[in-house]
Amino acid sequence: MNNVAHGTEELMPVFDGHNDVLLQLWTEHRQDPERAFLQGPASGQLDLPRCREAGFAGGLFAAWVPTPDVDLANSVPDRSVDTRFLPEGTQKHPDFSPTPSFDFARDVTFGMMAFLLRIEAQSQGKVKICRTAQDIRQSMHNHALAVVMHIEGAEAIDEDLYNLEVLYSMGLRSLGPVWSRPNIFGEGVPFKYQTSPDTGPGLTGAGVRLVKACNQKRIMIDLSHLNEKGFWQVAELSDAPLVASHSNAFSICPQSRNLTDKQLGAIRESHGFVGLNFAVPFLREDGRRSDDTGTDIMVRHVDYLIEHLGEEGVGLGSDFDGASMAPFLKDVRGLPVLVEALRKAGYGKELLEKICYKNWVNVLERTWGN
């Protein structure tokens, strides 16, 4: 795979495990998302011109349904809220943001997937929705942005899994059963510092069926927002590599969204994968959202993850457009700073290539079977 030309330099290409640019396009550029993404500047951290400038070669593009509003004046949940997850007489779950209703989630998710289809269609070959690992490799070779359709939280999928069939036919190849809120498939893990990921019930019966259906279709199951009980249920049920697309090491940052050493061991045993999350509160030992955050703590997490997962089990899962990041990562153009920090920390070209793109493509190939 050739490095990306950048003036007189060459940038290491990056295939990244998670971004929320579709949310930015949905909220800020809904009238013309194709132009905002393809021509820039989009309002968030990603668009095609900046991706090219940064060496960002592709990744998992998440459809995440924003948290519905609540009618505070009348103490009545908005019609877009799934009231099954609100304790009687309250406006929200004590640990979670309100869960969207199925109708609301379906409309938003299908709308975001339509954005990707339109972006690909209008890109003149510069953006490719990838359904196989070979698609990704070919797109990167052709310097086309390699996009994998992903949904973060399966609120748009019905209990009978009819919409899973439709989404798969559109190109969906990666799925997180839950975001950090409960839904009909299971319980997410809330954002809590100095709290283990063992936060309550895991998968429901519908969640078990969803995992089995994803295995049958070879859809990657993303564990990043699932709590510990759900994690171990997937580990028992699934015949695919265990993958957390954007999570960090709990031993360094004791945040409930991060992974314990025992979980890392299970991921390694399955020949799975973890993508480094760039979110400051998931990196720092003190869990703070602080601008006084540099590359050193990110390198420390990568060191730790490689120690526990091996050189083939670690990559990047930025969470661009979805998290609070260090100042040098104000947008995608900060990626070369992180790559250079890893290089200065002793990471050679071969290992950097694994971390930056090869490990992601390989674990997707192990999962998808092609």
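Report on the accompanying structure. (Residues numbered from 1 in each chain as written. Predicted model: local features only at pLDDT ≥ 70, side-chain atom pairs only at ≥ 80, totals over all residues. Heavy atoms only, no water.)

Digging into the overall build of the protein chain
We apply this condition: Secondary structure elements are defined from DSSP: runs of H or I of at least 4 residues count as helices, runs of E of at least 2 residues count as strands, and each element is numbered from the N terminus. For the radius of gyration, the atoms used are the C-alpha atoms, and the globule rule reads 2.2 Å times the number of residues raised to 0.38. Burial status follows relative accessibility: with a 1.4 Å probe on protein chains alone, a residue under 20% of its type maximum counts as buried, one over 50% as exposed, and anything between as partly exposed. Any two residues having at least one pair of non-hydrogen atoms within 4.5 Å are treated as being in contact. Areas reported here follow the Shrake-Rupley algorithm with a probe of radius 1.4 Å; residue values treat only the protein chains shown as occluding. Charge assignment: positive for Lys and Arg, negative for Asp and Glu; neither His nor the chain ends contribute. One atom stands in for each charge, and that atom is NZ of Lys, CZ of Arg, CG of Asp or CD of Glu.
A count of helices and strands for the protein chain gives 13 helices and 13 strands. Whereas a compact globule of 370 residues would reach a radius of gyration of roughly 21 Å, the protein chain reaches 19 Å, a difference of no more than 12%. Across its three principal axes, the protein chain shows a C-alpha extent of roughly 60 × 45 × 40 Å. Here the protein chain, with 370 residues, has 60% of them falling under the buried criterion. Excluding contacts between residues fewer than 6 apart, the proportion of contacts in the protein chain whose partners are at least 24 apart in sequence is 71%. Carbon and sulfur atoms make up 46% of the accessible area of the protein chain, which totals about 14,700 Å². The protein chain carries 36 positive and 49 negative side-chain charges, and their two centres are separated by 3 Å.

Some words on the layout of surface pockets
Basically, it comes down to this: The pocket and cavity definitions rest on a 1 Å grid over protein atoms only: a 1.4 Å probe that fits but cannot leave marks a cavity, an open set with protein on both sides within 12 Å along at least five of seven lines marks a pocket, and residues lining either have an atom within 4 Å of a point. Grid points are joined across faces, edges and corners, and a volume is the space filled by probe spheres set on the points.
Computed from the structure, the largest pocket encloses a volume of approximately 330 Å³. Taken together, 20 residues line the largest pocket, and the ones lying closest to its centre are Phe-191, Phe-282, Arg-289, Gly-322 and Ala-323.

Description of the nonpolar core
What counts is decided by this rule: Note on terminology: a nonpolar core comprises buried Ala, Val, Leu, Ile, Met, Phe, Trp, Tyr and Cys residues joined through side-chain atoms within 4.5 Å.
Residues Phe-37, Ile-136 and Phe-278 are the most contacted members of the largest nonpolar core, which totals 110 residues. For this core, the element with the most residues is helix H13 (residues 349–368), which contributes 10 residues.

With respect to helix H9 (residues 261–269)
Operational definition: The directions considered for the arc run from the helix axis to the C-beta atoms.
The complete set of buried residues in H9 reads Gln-263, Leu-264, Ala-266 and Ile-267. Along the axis of H9, the buried positions cluster into a sector of 160°, meaning they face one direction only. Counted as exposed and oriented over 90 degrees from the buried face of H9: Lys-262 and Glu-269. Its buried side turned inward, H9 meets helix H8 (228–237), strand E12 (273–276) and helix H11 (295–309). Directly after H9, the chain includes His-271, whose backbone phi takes a positive value near 60°.

Some thoughts on the packing of aromatic side chains
Where we set the bar: Side-chain rings of Phe, Tyr and Trp, where Trp is taken by its six-membered ring, are said to pair if the distance between their centres is within 6.5 Å; with planes under 30 degrees apart they count as stacked, over 60 as edge-to-face, and otherwise as tilted.
Per the counting criterion, the structure on display carries 9 aromatic pairs. Between Trp-179 and Phe-191, the aromatic rings sit 5.7 Å apart at their centres with planes inclined by 70°, giving edge-to-face as the arrangement. Note that Trp-179 is positioned in the loop between strand E9 (172–176) and helix H7 (205–217) and Phe-191 in the loop between E9 and H7, a separation of 12 residues in sequence. Since its relative accessible area comes to 11%, Trp-179 is described here as buried. On the basis of relative accessibility, which here comes to 43%, the residue Phe-191 falls in the partly exposed class. Grouping aromatic residues by their ring pairs yields a cluster made of Trp-64, Trp-179, Phe-191 and Phe-282.

Here we look at empty space enclosed by the protein
A probe matching the size of a water molecule, rolled over the atoms, marks out where space remains unfilled. As a reminder of what qualifies: When residues are grouped by polarity, Ala, Val, Leu, Ile, Met, Phe, Trp, Tyr, Cys and Pro land in nonpolar, Asp, Glu, Lys and Arg in charged, and all others, Gly among them, in polar.
Tallied over the full model, the rule gives 2 cavities of 30 Å³ or more. Each pocket or cavity is described by its volume, and for the largest cavity that value is around 50 Å³. Residue lining of the largest cavity: Val-189, Pro-197, Leu-223, Ser-224, Leu-226, Phe-231, Ser-256, Arg-257, Asn-258, Leu-259 and Gln-263, and that is the complete set. Here the lining of the largest cavity is built from residues that sort into 6 nonpolar, 4 polar and 1 charged. Roughly 40 Å³ of volume is contained in the second largest cavity. Around the second largest cavity, the lining residues are Met-220, Ile-221, Leu-223, Val-234, Ser-238, Ala-240, Pro-241, Leu-242 and Thr-367. Along the lines of polarity and charge, the residues of the lining of the second largest cavity split into 7 nonpolar, 2 polar and no charged.

Regarding the pattern of salt bridges
Put simply, the rule reads: For this analysis, a salt bridge means a side-chain nitrogen from Lys or Arg found within 4 Å of a carboxyl oxygen belonging to Asp or Glu.
All told, the structure shown has 21 salt bridges when counted by the stated rule. Note that Arg-50 and Asp-331 form a salt bridge whose closest N and O atoms lie 3.4 Å from each other. Here Arg-50, found in helix H3 (residues 48–54), pairs with Asp-331, found in the loop between strand E13 (314–316) and helix H12 (335–344); they are 281 residues apart in sequence, far enough to count as distant. What makes Arg-50 buried here is its relative accessible area of 10%.

Topic: the environment of Leu-242
Tracing the backbone shows Leu-242 in the loop between H8 and strand E11 (243–244). Expressed as a C-alpha distance, the spacing of Leu-242 and Val-363, which sit 121 residues apart in the sequence, is 9.3 Å.

Some details on the packing of helix H6 (residues 162–170) against H7
Basically, it comes down to this: Only the stretch in contact is used when a helix axis is fitted, and all axes are lines through C-alpha atoms; the angle between N-to-C directions ranges over 0 to 180 degrees. In these notes the angle categories are as follows: under 35 degrees is roughly parallel, over 145 is roughly antiparallel, 65 to 115 is roughly perpendicular, and the rest is oblique. In this scheme the handedness of a crossing depends on how the near helix is turned from the far one: anticlockwise by less than a right angle means left-handed, clockwise means right-handed.
The N-to-C vectors of H6 and H7 enclose an angle of 30°; their axes lie 12 Å apart at closest approach. Here H7 runs roughly parallel to H6, going by the angle between their axes. Where H6 crosses over H7, the handedness of that crossing is right-handed. Facing H6, whose interface residues are Leu-164, Glu-165 and Tyr-168, H7 presents Leu-210, Ala-213 and Lys-217. A class-by-class count of the residues in the contact of H6 with H7 yields 4 nonpolar, no polar and 2 charged.

Comments concerning the environment of Glu-365
Within the secondary structure, Glu-365 sits in helix H13. With relative accessibility at 30%, the residue Glu-365 sits in the partly exposed group. Taking the C-alpha atoms as reference points, Glu-365 and Asp-135, 230 residues apart in sequence, are found 10 Å from one another. Glu-365 has contacts with Ala-133, Arg-137 and Asn-370, leaving out every residue within four places of it along the chain.

A closer look at the sheet that holds E13
Applied cut-off: When DSSP finds at least two bridges between two strands, those strands are taken to pair.
The 3 strands lie next to each other as E11-E12-E13, forming an open sheet whose pairing is parallel. The open sheet has two edge strands with one neighbour each: E11 and E13. Here E11 pairs with E12 via 2 bridges, running parallel. Bridge pairing links Val-243 to Phe-273 in E12. Contacting E12 and E13, H11 runs over the sheet at an angle of about 175° to E12. Of the strands in this sheet, E11, E12 and E13 touch H13, which is tilted by about 110° from E13.

Spatial relationships are all this shows, so hold off on functional conclusions.
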